[in-house]
Amino acid sequence: MLFLQLLLNGLQIGAIYALTAAGFALIFGATKIFHVAHGTAFTIAGYVFLFAWRAGWPGWAGAAAAVLAAMAFGVAMERYVYRPIQRHEGSFFTVFVAAFGVGIVVQNVIGMIAGRGFATVDTPLSFSAEILPDVFVAPMLWIALATAAVLFVALTLFLTRHPAGVGLRALAQNPDLIRTYGLSSNGLSVLAFAIGSALAAPAAIITVMTTGLNEAIGHQIMLISIAATIVGGIGSLRGAALAGMMLGIAESIALQVVDTQWAEAVSFFVLFAFIIFRPSGIFGVVQTR
Amino acid sequence: MTAFLLNLATLAAISGILASTLNFIVGYAGIFSVAHAVFFGLGAYAGAQVALLLVPDPFLACLAAAAIAGGLSLCLALPALRVRGEYFVAASLGLQMVAATLFAELKPLTGGIGGLVGIPRPEILGTVVPVLPLALAALALILFLTARLQRGAFGRTLQSIRDADSAAEALGKNVNAAKTLAVVFACAGAGVAGALYALHLSFINVESFTLDQSIQIMAMVIIGGTGTLWGPLVGAVMLLSLPAVLSFIPFIPPTEVGAVQQIIYGLAMTLLMIFRPAGLVGDQTKGRSTS
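Chain B appears in an unreviewed UniProt entry as Branched-chain amino acid ABC transporter permease from Roseomonas fluvialis. The Subcellular location (unreviewed entry) field of the UniProt record for chain B holds the comment "Cell membrane".

Named according to an unreviewed UniProt entry, chain A is Branched-chain amino acid ABC transporter permease originating from Roseomonas fluvialis. What UniProt states about chain A under its Subcellular location (unreviewed entry) heading is, verbatim, "Cell membrane".

All names here are of chain B. Within the secondary structure layout, Thr 21 lies in helix α1 (residues 2-28). A distance of 2.9 Å separates the side chain of Thr 21 from the backbone oxygen of Ile 17, its partner in a polar contact. Other than its neighbours up to four places away in sequence, Thr 21 contacts His 36, Ile 142, Ala 186, Gly 189 and Ala 190.

This part takes up the interface of chain B and chain A. Taken residue by residue, the interface counts 47 residues in chain B and 46 residues in chain A. When chain B packs against chain A, close to 4,200 Å² is buried across both sides, 75% of that on carbon and sulfur atoms. Counting across the chain B and chain A interface gives zero salt bridges. Counting across the chain B and chain A interface gives two residue pairs in polar contact (both at pLDDT 80 or more). Within the residue set of the side of chain B that touches chain A, elements represented by two or more residues are α4 (74-82), α5 (85-105), α9 (165-170), α11 (211-224) and α13 (257-275) of chain B. By residue number, the principal contributor to the side of chain B that touches chain A is α5 of chain B, which donates 14 residues. Tallied by class, residues from the side of chain B that touches chain A come to 28 nonpolar, 10 polar and nine charged.

Moving on to the packing of α11 of chain B against α13 of chain B. Residue and element names in this part refer to chain B. With their axes 10 Å apart at the nearest point, α11 and α13 run at an angle of 40° to one another. It follows from the interaxial angle that α11 and α13 lie oblique. In this structure, α11 meets α13 at a crossing whose hand is left-handed. Taking contact as the criterion, the partners of Ile 215, Gln 216, Ala 219, Ile 222 and Ile 223 in α11 are, on α13, Tyr 265, Ala 268, Met 269, Leu 272 and Met 273.

The next subject is the pairing of strand β1 (residues 129-132) of chain A. On a regular strand, each side chain points to the face opposite its neighbour's, so the side chains alternate between the two faces of the sheet. All names here are of chain A. In this structure, β1 lies alongside strand β2 (residues 135-137), joined through three bridges in antiparallel fashion. Its bridge partner being in β2, Ala 129 is matched across the sheet by Val 137. Once β1 ends, the chain turns through two residues before running back antiparallel as β2, passing Asp 134 with a positive phi of about 65°.

All names here are of chain A. If you check UniProt for "transmembrane region" (unreviewed entry), the listed places come out as residues 6-28, 35-53, 59-80, 92-115, 135-159, 188-209, 221-250 and 262-286 in our numbering. As a span, residues 92-115 carries 96% helix and 0% strand, and end to end its C-alpha atoms are 33 Å apart. Secondary structure content for residues 221-250 is 87% helix and 0% strand, while the C-alpha to C-alpha distance between its ends is 16 Å.

With that settled, consider a nonpolar patch on the surface. Residue and element names in this part refer to chain B. Residues Leu 52, Leu 53, Leu 54, Val 55, Leu 60 and Leu 63 make up a contiguous nonpolar surface patch of roughly 580 Å² in combined accessible area. At the level of elements, α2 (36-53) and α3 (58-72) are the ones that each hand at least two residues to the nonpolar patch. Examined against the element boundaries, Val 55 turns out to sit in the loop between α2 and α3.

For the pair helix α4 (residues 92-114) of chain A and α13 of chain B, interaxial distance at closest approach is 7 Å and the crossing angle is 155°. Taken together, the axes of α4 of chain A and α13 of chain B lie roughly antiparallel to each other. Once α4 of chain A is placed against α13 of chain B, the crossing between them reads as left-handed. Across the interface between the two elements, Thr 94, Val 97, Ala 98, Phe 100, Gly 101, Val 102, Ile 104, Val 105, Asn 108, Val 109 and Met 112 of chain A from α4 of chain A touch Ala 259, Val 260, Gln 262, Ile 263, Gly 266, Leu 267, Met 269, Thr 270 and Met 273 of chain B from α13 of chain B. Broken down by class, the residue content of the contact of α4 of chain A with α13 of chain B amounts to 14 nonpolar, six polar and no charged.

Conventions we followed
Residues numbered from 1 in each chain as written. Chains lettered and ligands numbered in written order. Predicted model: local features only at pLDDT ≥ 70, side-chain atom pairs only at ≥ 80, totals over all residues. Heavy atoms only, no water. UniProt positions renumbered as here; feature names shortened; annotations may be inferred. Helix = DSSP H or I, 4+ residues; strand = E, 2+ residues; numbered from the N terminus. Polar contact = N/O pair within 3.5 Å; in protein donor to acceptor, adjacent residues only side chain to side chain. Contact = heavy atoms within 4.5 Å. Buried area = accessible area lost by both parts, 1.4 Å probe. Salt bridge = Lys/Arg side-chain N within 4 Å of Asp/Glu carboxyl O. Nonpolar A, V, L, I, M, F, W, Y, C, P; charged D, E, K, R; others polar. Axes fitted to C-alpha atoms, helices over the stretch in contact; angles between N-to-C directions. Parallel < 35°, antiparallel > 145°, perpendicular 65-115°, else oblique. Left-handed = near helix turned anticlockwise from the far one by under 90°. Pairing = 2+ DSSP bridges. Patch = residues over 30% accessible without salt bridge, like charges linked within 9 Å, V, L, I, M, F, W, Y side chains within 5 Å. Areas by Shrake-Rupley, 256 points an atom, 1.4 Å probe, with all protein chains shown as cover.

This is the structure we're talking about:
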């Protein structure tokens, strides 16, 4: 039964990873910006929800505020950090360092305001019930899975049916063509950041209602998003979501063999193996060096 | 006050070694490692164990540290040969996270979270010596080697790899060997810095070898100027004197000094990348290091 319990826990972690990884992959795919501050959008959304909850707001209002905050952060990053750097044809690494700097600032500001250490929001939804002998599941698990599934279907529909979504995919493949057709690549890249960052908010809310979050969680989320994007294959949204889910499950099931502190390392062994043996990932086109 | 300044100077020299060696692979070979603190840590643990178990001879400690850090740097060279850019940064991030866990968990070798304590002071021929002259000598040696390598054929090979590695390969350069050699040299240097750090503080634990430390070394290189000889040193001295300067500002509560310091690093990194991406010393007109 322990295996089933770990698998169910893994599904919940996996849903969180899949959502954040899909957001990261969407941004990276469309804009080619390696948005390492994606974990920061997650942290901001989580703490906005936490503060709203403590201030007595209803849950939906807190969630809306969290989504808006994450979107505002993503768009501000695009507008005030990435775009000025890219105007001077900044290298990948310049972008990486700038975004990392923002991550450090936000982490420490949150630490100063909210205090350091784990913070959680307790609701009836987070209480576990025994569904099978020795298997405990909280309603949050089903909410997490349903949220991930619904958002992923909505995102796929948007990218295949809606003109703006099709534009985003076109931007990913051929930015020059976008300009030729008179579409605004700037507008589309703002859209990519808005949607991608918004996807981090539900994941952050689920996290704060289950395991809790601390001010440094952004690092971990960023690493998982990068790992999932690479393992899934750069440019593939379903690859990123699938890999996020897999990493969550692998992390949780590994607990049967190793101690908790190694759970994170499991993701990195998977990532390492992929980088050495199959850098193109599960669904990616072959592209090494 | 003298003790305070001596301590600061020693730490600055050690950070200078770290920043210069990282700059060697970032600025010259275009390998963007965010795992430099791993090799700093390997060297520190190796040097500390030599001093604790054998003799507190600084040369032996440095040698062991360089050998272990240089040898294990193949963990970094391997992905560097396979992938570039984003992929490599992801791999080195992963290496950094796993190594920090290993440092915290391998208690017999690293003392776990508590770290290694009571590392004896370095002795040469039975006389206790301060670490500062040793660190300065190591720094000078590394700067000298960097300058020589950079001007020589090896340096030009590295720069051609940084700028266009398929072209370098087409010209018959052995790209894999050059990259591996650069990584081994830089990581062995970081190892020496680690051994000196352990001997200087006589206490080490995993806190000094985490991602934050790697990023701080990176910040030193970036703020000073990648691909320049003196830039990383300028960056190291600036970032190290920051806490001292901050402690003179009266309105920051002492408990928040660390956070304020981090916020300043973070802001400096972001603003520099936006407004002055070549760093303080770097040549602003020249194209910067490639992606």
